[in-house]
Amino acid sequence: MRYVDGFVIPIPKKNVPAYRKLAATAGKIWKEHGALEYRECVGDDLNIKMGTAFPKLTKVKPGETVVFSWIVYKSKAHRNAVNKKIMKDPRILKMMKMKPIFDDKRMSYGGFKIVVEK
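Residues numbered from 1 in each chain as written. Predicted model: local features only at pLDDT ≥ 70, side-chain atom pairs only at ≥ 80, totals over all residues. Heavy atoms only, no water.

Asker: Any chance you could explain the packing of aromatic side chains here in plain terms?
Answerer: We describe a pair of aromatic rings using the distance from one ring centre to the other and the angle between the two ring planes. Following the criterion strictly, the structure yields 5 aromatic pairs and no others. Ring centres of Tyr 19 and Phe 102 lie 5.9 Å apart, and the angle between their planes is 75°; on these two criteria the pair is classed as edge-to-face. Of this pair, Tyr 19 sits in helix 1 (residues 16-32) while Phe 102 sits in the loop between helix 4 (90-96) and strand 4 (108-113), and the two are 83 residues apart along the sequence. When its relative accessible area of 9% is taken as the criterion, Tyr 19 is described as buried. Phe 102 sits in the partly exposed class, given a relative accessible area of 21%. Put simply, the rings of Phe 54, Phe 68 and Trp 70 touch in pairs and so form one group of aromatic residues. (Phe/Tyr/Trp six-rings, centres within 6.5 Å; stacked < 30°, edge-to-face > 60°. Helix = DSSP H or I, 4+ residues; strand = E, 2+ residues; numbered from the N terminus. Buried < 20%, exposed > 50% of the residue type's maximum accessible area, 1.4 Å probe, protein only.)

Here's what the structure looks like:
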């Protein structure tokens, strides 16, 4: 059964271009190591009235927006194997040493089983 890692990240709007560049590189690396899909989306229509809007959920500050991301794998075991390789990849290790462009303490992350796939 396919498996998804999901992320919700508050980010300063001024950092979106740098994030996009970083994410494009990261996506290429994840796919090289076996990820099936890699998606990064920036908030566009976030002023919703139903439920809890992403800006409220992530405690967005003035001048920030939200990035919604996901990575798809063949299974949870496949995800674990890919991420093990990712954490040893020198390109990723270099990225991890860079000055942060978002507050990772406010990032939400989790692994999800896909229950409906069309």
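Asker: Just checking my understanding: could you explain the side chain of Thr 58 for this structure?
Answerer: The topology assignment puts Thr 58 in the loop between helix 2 (54-57) and strand 3 (64-73). Take Thr 58: its relative accessible area is 3%, and that puts it in the buried class. Within the structure, the side chain of Thr 58 is placed 2.8 Å from the backbone oxygen of Phe 54, a separation counted as a polar contact. Discounting residues that sit within four places of it in the chain, Thr 58 has contacts with Val 8, Pro 10, Val 66 and Arg 106. (Polar contact = N/O pair within 3.5 Å; in protein donor to acceptor, adjacent residues only side chain to side chain. Contact = heavy atoms within 4.5 Å.)

Asker: What is the right way to read the layout of surface pockets from this model?
Answerer: It is a probe the size of a water molecule, rolled over the atoms, that shows where empty space is left. In this model, the largest pocket occupies a volume close to 840 Å³. Around the largest pocket sit 30 residues that line it, and Leu 22, Trp 30, Met 95, Met 96 and Phe 102 are the ones nearest its centre. Top contributing element to the lining of the largest pocket by residue count: helix 1, with 8 residues. Across the lining of the largest pocket, the residue classes break down as 22 nonpolar, 3 polar and 5 charged. Estimated volume of the second largest pocket: approximately 150 Å³. Lining the second largest pocket, in full, are Val 16, Tyr 19, Arg 20, Ala 23, Ala 24, Tyr 38, Glu 40, Cys 41, Val 42 and Val 67. Residue assignment for the lining of the second largest pocket shows that the elements contributing at least two residues are helix 1 and strand 2 (37-42). (1 Å grid on protein atoms, 1.4 Å probe; cavity = no way out; pocket = protein on both sides within 12 Å on 5 of 7 lines; lining within 4 Å. Points joined across faces, edges and corners; volume = space filled by probe spheres on them. Nonpolar A, V, L, I, M, F, W, Y, C, P; charged D, E, K, R; others polar.)

Structural measurements only, silent on function.
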